[in-house]
Amino acid sequence: MNKNIALNEYLDISPEVVHALADNRPVVALESTIISHGMPYPLNRETALQVEQCIREKGAVPATIAIIGGRIKVGLSHDEIEFLAKERDQVIKVSRRDLPFVIAAGKHGATTVASTMIIAEMAGIAVFATGGIGGVHRGAERSFDISADLQELAMTNVAVVCAGAKSILDLGLTVEYLETHGVPLVGYRTEKLPAFFCRSSPFPVSVRLDDPQQIAHAMSVKWRSGLKGGIVVANPIPEPFAMTEERINSAIEQAVHEAENQGIVGKESTPFLLARVTEITGGESLQANIELVFNNATLAAEIAIAYQEINKTS
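Per chain, residue numbering runs from 1 following the sequence as it is written. Reporting of local features is limited, given that this is a predicted model, to residues whose pLDDT is at least 70; pairs of side-chain atoms are given and counted only at 80 or more, and all residues count toward the totals for whole chains, interfaces and linings. By convention in this description, side-chain values take in all heavy atoms of the structure and omit both hydrogens and water.

The helix and strand labels rest on DSSP assignments: H or I over at least four residues marks a helix, E over at least two residues marks a strand, and numbering proceeds from the N terminus. Along the backbone of the chain there are 13 helices and 11 strands. Note on method: radius of gyration uses C-alpha positions; expected globular size equals 2.2 Å times residues raised to 0.38. For 314 residues, the compact-globule estimate of 2.2 N^0.38 gives 20 Å, and the chain sits close to it at 18 Å. Considering only C-alpha atoms, the chain reaches an extent of 50 × 40 × 35 Å along its principal axes. Burial classes: relative accessible area under 20% of the type maximum marks a residue as buried, over 50% as exposed, and values in between as partly exposed (1.4 Å probe, protein chains only). Expressed as a percentage of its 314 residues, the buried residues of the chain come to 57%. Carbon and sulfur atoms form 52% of the exposed surface of the chain, whose accessible area is close to 13,400 Å². Using a 1.4 Å probe, accessible areas were evaluated by the Shrake-Rupley method; residue-level cover was limited to the displayed protein chains.

Grouped together as the largest cluster of nonpolar side chains are 100 residues, with contacts concentrated most on V17, V74, I125, I133, L153 and M219. By residue number, the principal contributor to this core is helix 13 (residues 284–313), which donates 14 residues. Note on contacts: a residue pair is in contact if any heavy atoms of the two residues lie within 4.5 Å. Excluding its chain neighbours within four sequence positions, the residues that come into contact with M219 are A126, V127, A159, I231, I303 and Y307. As used in this record, nonpolar core signifies buried Ala, Val, Leu, Ile, Met, Phe, Trp, Tyr and Cys residues forming a set joined through side-chain atoms within 4.5 Å. Counting residues in each nonpolar core, the second largest holds 10 residues, with A48, A66, I81 and A85 among its members.

The residue D145 is located in the loop between helix 7 (140–143) and helix 8 (148–155) in this model. We score Asp and Glu as negative and Lys and Arg as positive, and we do not count His or the chain ends. In the sections that follow, a salt bridge refers to a side-chain nitrogen of Lys or Arg positioned within 4 Å of a carboxyl oxygen of Asp or Glu. Notably, D145 is buried but unbridged: the nearest opposite-charge side chain belongs to R97, and the N-O separation is 9.2 Å. Those residues in contact with D145 that lie beyond four places of it in its chain are G135, V136, H137, A140, G266 and S269.

A separate point is the packing of helix 11 (residues 245–262) against helix 12 (residues 269–280). Pairs of packed helices are described in terms of their axes, by the angle between the two and the distance that separates them. Interaxial angles span 0 to 180 degrees and are taken between N-to-C directions of axes, which are lines fitted to C-alpha atoms, for helices over the stretch in contact. Where helix 11 contacts helix 12, the axes come no closer than 9 Å and their chain directions differ by 130°. By the angle between their directions, the pair helix 11 and helix 12 is classed as oblique. Considering only the axes of helix 11 and helix 12, their crossing is right-handed. The residues of helix 12 that touch helix 11, namely those facing I248, A251, I252, Q254, A255, V256, E258, A259 and Q262, are F272, L273, R276, V277 and I280. Gly is put with the polar residues, along with every residue not named as nonpolar or charged; the nonpolar set is Ala, Val, Leu, Ile, Met, Phe, Trp, Tyr, Cys and Pro, and the charged set is Asp, Glu, Lys and Arg. Partitioned by chemical class, the residues of the contact of helix 11 with helix 12 number 10 nonpolar, 2 polar and 2 charged. What sets the label is the angle itself: under 35 degrees gives roughly parallel, over 145 gives roughly antiparallel, 65 to 115 gives roughly perpendicular, and the rest give oblique. Take the far helix as the reference: if the near one is turned anticlockwise from it by less than a right angle, the crossing is left-handed, and if turned clockwise, right-handed.

Attention now moves to the pairing of strand 3 (residues 61–68). A regular strand carries its side chains on alternate faces of the sheet. Along strand 3, 8 of the 8 residues are buried, which leaves the element largely enclosed by surrounding structure. By the convention used here, strands pair only if DSSP detects at least 2 bridges between them. Across 4 bridges, the pairing between strand 2 (residues 27–30) and strand 3 is parallel. Counterpart to V28 in the pairing with strand 3 is P62. Pairing geometry for strand 3 and strand 4 (residues 71–74), over 4 bridges, is antiparallel. Looking across to strand 4, one finds that I65 is bridged to V74. From the end of strand 3 to the start of strand 4, which pair antiparallel, there are 2 residues, and G69 there has a positive phi angle of about 55°.

Before going further, it helps to examine the environment of V102. You can see V102 is positioned in helix 5 (residues 99–104). Distance from V102 to Q50, taken between C-alpha atoms, is 28 Å for residues 52 residues apart in sequence. Once residues within four sequence positions are removed from consideration, V102 is found in contact with I67, G70, I92, V94, K107, H108 and G109.

Bringing the packing of aromatic side chains into the picture now. Geometrically, a pair of aromatic rings is defined through the distance of the ring centres and the angle of the planes. Two aromatic rings from Phe, Tyr or Trp, using only the six-membered ring of Trp, form a pair when their centres are within 6.5 Å; if the ring planes differ by under 30 degrees the pair is stacked, by over 60 it is edge-to-face, and anything between is tilted. One pass over the structure, following the stated rule, counts 2 aromatic pairs. With centroids separated by 4.7 Å and ring planes inclined at 75°, the aromatic side chains of F196 and F197 adopt a geometry described as edge-to-face. For F196, a relative accessible area of 2% corresponds to the buried category. According to the relative accessible area criterion, F197 is buried, its value standing at 2%. Centroid distance W223 to Y307: 6.0 Å. Interplanar angle 85°. Geometry classified as edge-to-face. You can see W223 sitting in helix 10 (residues 212–224) and its partner Y307 sitting in helix 13, a full 84 residues away along the chain. For W223, a relative accessible area of 14% corresponds to the buried category. Since its relative accessible area comes to 11%, Y307 is described here as buried.

What follows covers the pattern of salt bridges. As enumerated under the stated definition, the model contains 17 salt bridges in all. A salt bridge links E46 to R45; the shortest N-O distance between them is 3.7 Å. Residue K73 is joined to E80 by a salt bridge in which the shortest nitrogen-to-oxygen separation is 4.0 Å. When salt bridges that share partners are traced, they join D12, R71, K73 and E80 into one network.

With that out of the way, let us pick up the pairing of strand 5 (residues 91–94). With 4 bridges joining them, strand 5 and strand 6 (residues 108–111) adopt parallel strand pairing. Across the sheet, residue V91 finds its bridge partner in strand 6, namely H108. Handedness of the crossover joining strand 5 and strand 6 through helix 5 is recorded here as right-handed. By convention a crossover is right-handed if, when the strands point away from the viewer, the path from the first strand over the helix to the second runs clockwise.

Below you can see the structure in the form of structure tokens.
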């Protein structure tokens, strides 16, 4: 078995993922917050299964991560995905600070970017696909509302493939935070940070790389050099599904104003804002969200395959 796998008494790795890691086959981690808190049922279940299929079609093994009955699960069954999708009121949104308490209480939890990274590294998985990372929230100079995702990226050795940072955030401050903490922001075939629903933003990435092999090589060099921390791989949403900045910014500004008026802050703010943006855009942003996740999963599988090839030959 992969020597990086932690012998953690709270960790259950599915047989499929165990065998893939033991055979040095590529594995891609997936979060579960998008299932329980990101989309309505049954679209959330269908999307989760289709994302896994995107990874399988590329030749990698998907490992959706969650907490079920106080057990950390790496690689969910269809029944477990169905449970997270359908019984969302029983499922807690879990970041780093929440993990020990949800496990200790034997509860169910859906993992954010931060907690998925922690568990992926624990299991020996180097690549993780998600929609968008969290970041510095708008108005953070007053609220100090900064996602735990950013701190995790500075500490945990996992490459996160995303469509940039969620456009409900302050993208400029998010880029500055990543730079301050030494987190590489790789633009996949782009020199500008993608803004989730939009293909670009005014903010530059730290480096542009144009193929998965280049990204995998950089991952290997970084971690073998002893440089701790993650890598953000920012992958623009496919052109046919991208939204205009004017349309999405108008919806976001309205949603942010409503959140402020209702006193919605912290980890509840992102699900609220994304749901309201979906309503305001008549569902257009939800379809864009689904398509960008598929796109990220495909790229993540390609990077995982390239990374495993490097590990085999070194």
